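Observations on chain architecture
Below, each chain spelled out in residue letters.
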Amino acid sequence: MTKQSPLRITYKALAVALLLYALIYGLLAEIPVSPQMGSQLGQSARNLLYHVPNWFAMLVMMGISLYHSIRVLRLTDPDREQTENPLRADIKANESARVGVMFNILGLLTGIIWARVSWNVAKEATSFSAWWGWDPIQTCALIALLIYLAYYLLRNSIEDPEQKAKVSAVYNIFAFMTLIPLFFVIPRILDGLHPTADGGAVLFKKEGMNNLLRTILYPGMIGFILMGVWIYEIRSRATTLRFRWQEWQSNQEYDNSHQS
Amino acid sequence: MWQELRVLLRKEIMLEWKQKYAFNGLLLYVLSMSIVIALVFRDELNPSNWNLLLWLMLLFAAINAVAKSFLSEKPEQLRYLYTLARPAAIILAKFIYNAGLLALVALLSLGVFAFLGEQHFHDPLAYVGLVLLGSLSLAANLTLVTAISAKAQNQSTLLAVLSFPLIVPLLLMLVRLSDTALTGTGANQGEGFLGFLLVLTVILVGVSVILFPFLWRE
Amino acid sequence: MNFPISLLQDILFTSDKIYSVLAVVLVVFGAFLFMMIRQDRRLSQMESEMNEKDNPHP
């Protein structure tokens, strides 16, 4: 059995340690429920520690996906020397986008629950608006999910693997360009309930956000990102292995047919 | 480069001129939509909703107009085209043609819509400018997406699915800005976002020009 | 009926129940970690087998 490189073991151990710290300390620490924090937020402010990191992890995973998509295009360029099979880069782009989608869904779910207990307390639990308020950032997150679901639809509708790799890489790069206004610009135009740099709720502005929460949030965020990288590593290794096995099998068949 | 662009643009316009049904179909669509909306809402439509309906109509007109830029041409035709011109020139020509067509359709539908809805504009010049900018950025977004969906099966469904989520952010910004131009209320940092919209359009066109050569090569 | 609010208040504001929440969370996290590590080790093993197949020693 091959030994893992020390770097790999270190980041995995770090992911586990940081997540354990964020889980245990985040749930047990005394957080001040001051009027500055917004009276309706109360103890549910802890959800900040488990809601916000999802989005940063998603952006990192989408960034990795973007990087591998660019590599697919460079590897299929006939003017350049082909150092690696572009289909392997495509596997990585695909799997990291998948983990990004997972974080997107987790972020939406934690957001829905949080919105229920902080923004929409007064509403009946059976009404739709008690769970989903069409807040601008919430809507943008949903649109980001739709963009990447469309990416998978596109992948499913192309048969030829090489063509699939190339076309979906082009779409992925184009989609990432629209992710930037979705998360950084539109929330500033449309006033909403989320705290933003200039407007919206004032829950987590400099004076409102508690230092304690900060000391848990940032390490936890790194933990989320590293855990995402780990999941992505496992998924892409498994798919690459399947790809290699298929290649090996077809080589065997080729050899057999030429020997006989 | 300019030579190639001019020739390609001429080809697009002549094709359109020879088979006018696409453009006429768009005009008919815009007209019938405006009449239906005017009929249904009569005087009950407030300016913000009027603005929203106009943009929705423009969105569907845009998807219909741009859809035929790559989807209507046969693969052999496209392959022949690729031997004649550089890919960057092809996508730029398609973009310029689409933007022009969309701007024309958008202005016409704005005229019909405003006439039937009897709108009062707070800042008519800014509104027209926004409609033009909107058709520019819609064309920038849609041109590459049509080229992508032309590579796959069940193209026309895929075009709608791929383009819709990419366009929503643009549309959100456009609706909000043009609402300000129409009613004169809620103007916050309008210029900054206008600039951002312009920059985004330029970036999208640039990215399309860079990415398209990878797309057509087989 | 205010389902999640009453539940959250019940859990978070009564002093001892937060420990049971933590216990559940940790068990789930532990199960997840167990799965991840097992998958990782299995993959490493299969990768080395694949390397053998690709470059067989004479």
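1. Digging into the overall build of chain B
Scanning chain B from terminus to terminus reveals eight helices and zero strands. Reading the secondary structure of chain B in the N-to-C direction produces α-α-α-α-α-α-α-α. Taking 218 residues into account, the globule formula puts the C-alpha radius of gyration at 17 Å, and chain B, at 18 Å, falls close to it. Taken over 218 residues, chain B has a buried fraction of 49%. Partitioning the intrachain contacts of chain B with sequence separation of at least 6 by distance along the chain shows that 83% fall at a separation of at least 24. Accessible area for chain B stands at about 10700 Å²; split by element, carbon and sulfur atoms hold 69% of it.

2. Things to note about the pattern of salt bridges
Once their charged atoms are close, side chains differing in charge can pair, the charge on each being opposite to the other. Scanning all chains against the criterion turns up 14 salt bridges over all chains. For A:Glu233, the salt bridge identified is with A:Lys12, shortest N-O distance 3.1 Å. With A:Glu233 in helix α6 (residues 211-259) and A:Lys12 in helix α1 (residues 6-28), this pair connects stretches of sequence that are 221 residues apart. For A:Glu233, a relative accessible area of 8% corresponds to the buried category. The partner of B:Lys94 in a salt bridge is B:Glu12, with the nearest N and O atoms 3.0 Å apart.

3. Quick notes on the interface of chain B and chain A
By convention, interface size is frequently given as the accessible area that disappears when the constituent parts associate. Taken residue by residue, the interface counts 34 residues in chain B and 31 residues in chain A. Summed over both sides, the interface of chain B with chain A buries roughly 3100 Å², with 79% coming from carbon and sulfur. Its largest share of buried area at the contact with chain A, chain B owes to B:Leu166, B:Phe214 and B:Arg217, together 18% of the area lost on that side. At the surface where chain B touches chain A, the tally comes to zero salt bridges. Summed over the shared surface of chain B and chain A, the number is one residue pair in polar contact (both at pLDDT 80 or more).

4. Description of the interface of chain C and chain A
Residue-level contacts link 32 residues of chain C with 30 residues of chain A. Interface of chain C and chain A: buried area, both sides summed, is about 3000 Å²; carbon and sulfur atoms make up 75% of it. For chain C, the biggest contributors to the area lost against chain A are C:Met36, C:Asp40 and C:Met50; these three give 18% of the whole. At the boundary of chain C with chain A, the tally comes to four salt bridges. Note that A:Arg237 and C:Asp40 form a salt bridge whose closest N and O atoms lie 3.0 Å from each other. Linking chain C with chain A are seven residue pairs in polar contact (both at pLDDT 80 or more). At the level of elements, α1 (3-13) and α2 (17-54) of chain C are the ones that each hand at least two residues to the side of chain C that touches chain A.

5. Focus: the packing of aromatic side chains
Working definition: an aromatic ring pair is given by the centre-to-centre distance plus the angle between the planes. Overall, the coordinates contain six aromatic pairs over all chains when judged by the stated rule. Relative to A:Trp134, the ring of A:Trp132 lies with its centre 5.7 Å away and its plane at 80°, an arrangement referred to as edge-to-face. The class for A:Trp132 is buried, based on a relative accessible area of 10%. On the basis of an interplanar angle of 45° and a centroid distance of 5.5 Å, the ring pair of B:Trp50 and B:Phe113 is categorised as tilted. With B:Trp50 in helix α3 (residues 47-71) and B:Phe113 in helix α5 (residues 87-117), the pair connects residues that are 63 residues apart, well separated along the chain. When sorted by exposure, B:Trp50 lands in the same class as B:Phe113, which is buried. An aromatic cluster is defined as three or more aromatic residues linked by ring pairs; in this entry it consists of A:Tyr148, A:Tyr151 and A:Tyr152. Over the aromatic face of A:Trp248 sits the side chain of C:Lys53, whose NZ or CZ is 4.4 Å from the ring centroid.

6. Digging into the environment of A:Asn172
Residue and element names in this part refer to chain A. Inspection of the secondary structure puts Asn172 in helix α5 (residues 161-189). Between the alpha carbons of Asn172 and His258 there is a distance of 41 Å; along the sequence they are 86 residues apart. With residues up to four places along the chain from it excluded, the contact list for Asn172 reads Ser65, Leu66, Ser69, Tyr148 and Tyr151.

7. Brief notes about the environment of B:Ile37
As for its placement among the helices and strands, B:Ile37 is situated in helix α2 (residues 21-41). Spatially, the C-alpha atom of B:Ile37 lies 9.1 Å from that of B:Leu116, the residues being 79 residues apart in sequence.

8. Quick notes on the nonpolar core
Residues A:Tyr171, B:Trp50 and B:Tyr127 are the most contacted members of the largest nonpolar core, which totals 157 residues. Setting aside residues no more than four positions away along its own chain, B:Trp50 makes contact with B:Leu45, B:Leu110, B:Phe113, B:Ala114, B:Gly117, B:Gln119, B:Phe121, B:Tyr127 and B:Leu182.

9. Section: the side chain of A:Thr240
Residue and element names in this part refer to chain A. Position of Thr240 relative to the elements: it lies in helix α6. Taking the relative accessible area as the measure of exposure, Thr240 reaches 15% and is therefore buried. Other than its neighbours up to four places away in sequence, Thr240 contacts Arg88 and Ile91.

10. Focus: helix α6 (residues 124-149) of chain B
Here α6(B) contains 26 residues, and its C-alpha end-to-end distance of 37 Å stays within 8% of the 38 Å for a straight helix at 1.5 Å per residue. For α6(B), a buried count of 19 out of 26 residues is recorded, marking the element as mostly surrounded by other parts of the structure.

Rules used throughout
- Residues numbered from 1 in each chain as written.
- Chains lettered and ligands numbered in written order.
- Predicted model: local features only at pLDDT ≥ 70, side-chain atom pairs only at ≥ 80, totals over all residues.
- Heavy atoms only, no water.
- Helix = DSSP H or I, 4+ residues; strand = E, 2+ residues; numbered from the N terminus.
- Rg over C-alpha atoms; globule rule 2.2 N^0.38 Å.
- Buried < 20%, exposed > 50% of the residue type's maximum accessible area, 1.4 Å probe, protein only.
- Contact = heavy atoms within 4.5 Å.
- Areas by Shrake-Rupley, 256 points an atom, 1.4 Å probe, with all protein chains shown as cover.
- Salt bridge = Lys/Arg side-chain N within 4 Å of Asp/Glu carboxyl O.
- Buried area = accessible area lost by both parts, 1.4 Å probe.
- Polar contact = N/O pair within 3.5 Å; in protein donor to acceptor, adjacent residues only side chain to side chain.
- Phe/Tyr/Trp six-rings, centres within 6.5 Å; stacked < 30°, edge-to-face > 60°.
- Lys NZ or Arg CZ within 6 Å of the ring centre and 35° of its normal.
- Core = buried A, V, L, I, M, F, W, Y, C linked by side-chain atoms within 4.5 Å.
- Expected span 1.5 Å × (residues − 1).

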